[in-house]
Amino acid sequence: MRILPLIFLASLSACANEASAPQAEAPALLALAPQAPDPALGPSIYDLKVDLHDQNGQPHGLDIHAGHPTLVSMFYGSCKAACPLLISDLKRVEAQALEAGHSELRVLMVSFDPDRDTPQVMAGLVQDHELDGTRWRLSAPRSGDARSLGAVLNVSFRDVGNGMFQHDSVLILLNSEGQELARLDGLNQDPSPLLEACLLYTSPSPRDRQKS
């Protein structure tokens, strides 16, 4: 498995056109022993100070899930093609991580359309996609911060008019300190790199340890 530094590269794809053919079923998870985070992973994205508000209207920073392995992605709520598939991919990775006993995993999706993605809109997405609101944060920054965050994450997006954006689709796994462990570019990809990184760099929660 290749563990990447904090460089987020993704191929630019049009939301209206993005759809990938289903991939073969992911291989079984490796039984990897937990290890401490690699000090060579680079800086934490939590060093970037961005004011966000979530689907409940609650303010928070990028480090809302500090202390937990966290899946991070960027989206916009009115997307009808790529972003629903992106949410499905995140749910699939989350489900397999939970099956492997890693209940610590959290998810943070940050909108690059904060003018439209109000707390009410994001709460509707949580309900429509049946997301666990205790584990997921769908959040929006202030308008000026969306571009700054995209630049730090190296996630490209562009307003193409009519309420649509051209944007990257990428899933990023952070360790508990906000450093990148692994990423997936595009949709419907094999989640094994993310799952193996989660197993390698995180340990089960105290409740999970009591069950073992």
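As a reminder, the structure under discussion sits directly above these lines.
Residues numbered from 1 in each chain as written. Predicted model: local features only at pLDDT ≥ 70, side-chain atom pairs only at ≥ 80, totals over all residues. Heavy atoms only, no water.

## Quick word on the pattern of salt bridges
Using the criterion set out here, one finds seven salt bridges in the structure. Across the pair Arg142 and Asp51 runs a salt bridge whose closest N-O atoms are separated by 3.5 Å. With Arg142 in the loop between strand 6 (136-141) and helix 3 (143-153) and Asp51 in the loop between strand 1 (12-14) and strand 2 (52-53), this residue pair connects regions lying 91 residues apart in the sequence. Since its relative accessible area comes to 46%, Asp51 is described here as partly exposed. Between Arg92 and Asp89 there is a salt bridge, with the nearest N and O atoms lying 3.3 Å from each other. (Salt bridge = Lys/Arg side-chain N within 4 Å of Asp/Glu carboxyl O. Helix = DSSP H or I, 4+ residues; strand = E, 2+ residues; numbered from the N terminus. Buried < 20%, exposed > 50% of the residue type's maximum accessible area, 1.4 Å probe, protein only.)

## Here's the deal with the sheet that holds strand 5 (residues 106-111)
Taken together, seven strands build an open sheet; the order of strands is 3-2-6-5-4-9-10 and the sheet is mixed. Where the open sheet ends on each side, the last strands, each with one partner, are strand 3 (59-60) and strand 10 (180-185). Examined bridge by bridge, strand 2 and strand 3 share two bridges and lie antiparallel to one another. Directly across from His53, in strand 3, lies its bridge partner Pro59. Most of the contacts of helix 2 (residues 119-128) go to strand 6, to which it runs at about 155 degrees, and overall it touches strand 2, strand 4 (70-75) and strand 6. (Pairing = 2+ DSSP bridges. Contact = heavy atoms within 4.5 Å. Axes fitted to C-alpha atoms, helices over the stretch in contact; angles between N-to-C directions.)

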